[in-house]
Amino acid sequence: MGDMNNAVKYLPSKTTDDLQSQMNFDCTLDELRNLMELRSIDAVQKIEECYGNMEVLCAKLKTSPVEGLSGDPADLSRRHQAFGENFIPPKKPKTFLQLVWEALQDVTLIILEIAAIISLGLSFYNPPGGKN
């Protein structure tokens, strides 16, 4: 399946197609994963191409486009069995050195660093014939 940062946890006991056919959903987990990989107009085009419109997709998923899921525990349990856990794994946090390096790439900070170096250099400069 590759690197799927937005993937739901895999179902260990049965294949997803078996579960979806038992749960009477007309949309498979793989189809939903493919839709989640798309953004913006690409996702809208894919939905129109495969399902016709959003209402048809909602009907296949047995949900309301306006009200969403009913919240019925039995329905939620059935969906959890069919589609798995709705969980996006957290990204690995950046190290302190990565954050420092990114900060050093900022244009404003670069200008300030150059000004500090020039100021430091001028503090050691004594013009000839000038007073101490």
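Heads up: the structure comes first, above all this text.
Bear in mind the structure is a predicted one, so any value in this text is a computation, not a measurement.

Draft legend 1. Representation of the overall build of the protein. The number of helices and strands found in the protein is 7 helices and 0 strands. When its helices and strands are written in sequence order, the protein yields α-α-α-α-α-α-α. A burial count over the protein gives 18% of its 132 residues as buried. A total accessible area of about 10400 Å² is found for the protein, and carbon and sulfur atoms account for 61% of it.

Draft legend 2. Inspection of the nonpolar core at higher detail. Residues F25, C27, L29, L35, I47, Y51, L57, L61, A82 and F83 constitute the largest nonpolar core, which totals 10 residues. When contributions to this core are tallied by element, the ones reaching two or more residues are helix 2 (29-37), helix 3 (40-51) and helix 5 (73-83).

Draft legend 3. Molecular detail of unusual backbone geometry. One non-glycine residue, S40, lies in the positive phi region at around 60°. We note that K62 has phi near 55°; this positive angle belongs to a residue other than glycine. Here K62 shows up in the loop between helix 4 (54-60) and helix 5.

Draft legend 4. Representation of the side chain of D75 in the model. Tracing the sequence through the fold places D75 in helix 5. Looking at D75, the relative accessible area reads 10%, which means it is buried. Polar contacts involving the side chain of D75 include one to the side chain of R78, which spans 2.8 Å.

Draft legend 5. Expanded view of the pattern of salt bridges. For the structure on display, the rule yields 4 salt bridges. In this structure, the salt-bridge partner of R33 is D30, at a minimum N-O distance of 3.8 Å. Of this pair, R33 and D30 are both found in helix 2, 3 residues apart, which corresponds to roughly one turn of the helix. Judged by relative accessible area, R33 falls into the buried class, the value being 8%. According to the relative accessible area criterion, D30 is partly exposed, its value standing at 30%. For D75, the salt bridge goes to R79, with nearest N and O atoms at 3.0 Å. With a gap of 4 residues between them, D75 and R79 both fall in helix 5, about one helical turn apart. The burial state of D75 is the same as that of R79; both residues are buried. Within this structure, D75, R78 and R79 form a network of salt bridges that share partners.

What counts, and where the lines are drawn
- Residues numbered from 1 in each chain as written.
- Predicted model: local features only at pLDDT ≥ 70, side-chain atom pairs only at ≥ 80, totals over all residues.
- Heavy atoms only, no water.
- Helix = DSSP H or I, 4+ residues; strand = E, 2+ residues; numbered from the N terminus.
- Buried < 20%, exposed > 50% of the residue type's maximum accessible area, 1.4 Å probe, protein only.
- Areas by Shrake-Rupley, 256 points an atom, 1.4 Å probe, with all protein chains shown as cover.
- Core = buried A, V, L, I, M, F, W, Y, C linked by side-chain atoms within 4.5 Å.
- Polar contact = N/O pair within 3.5 Å; in protein donor to acceptor, adjacent residues only side chain to side chain.
- Salt bridge = Lys/Arg side-chain N within 4 Å of Asp/Glu carboxyl O.

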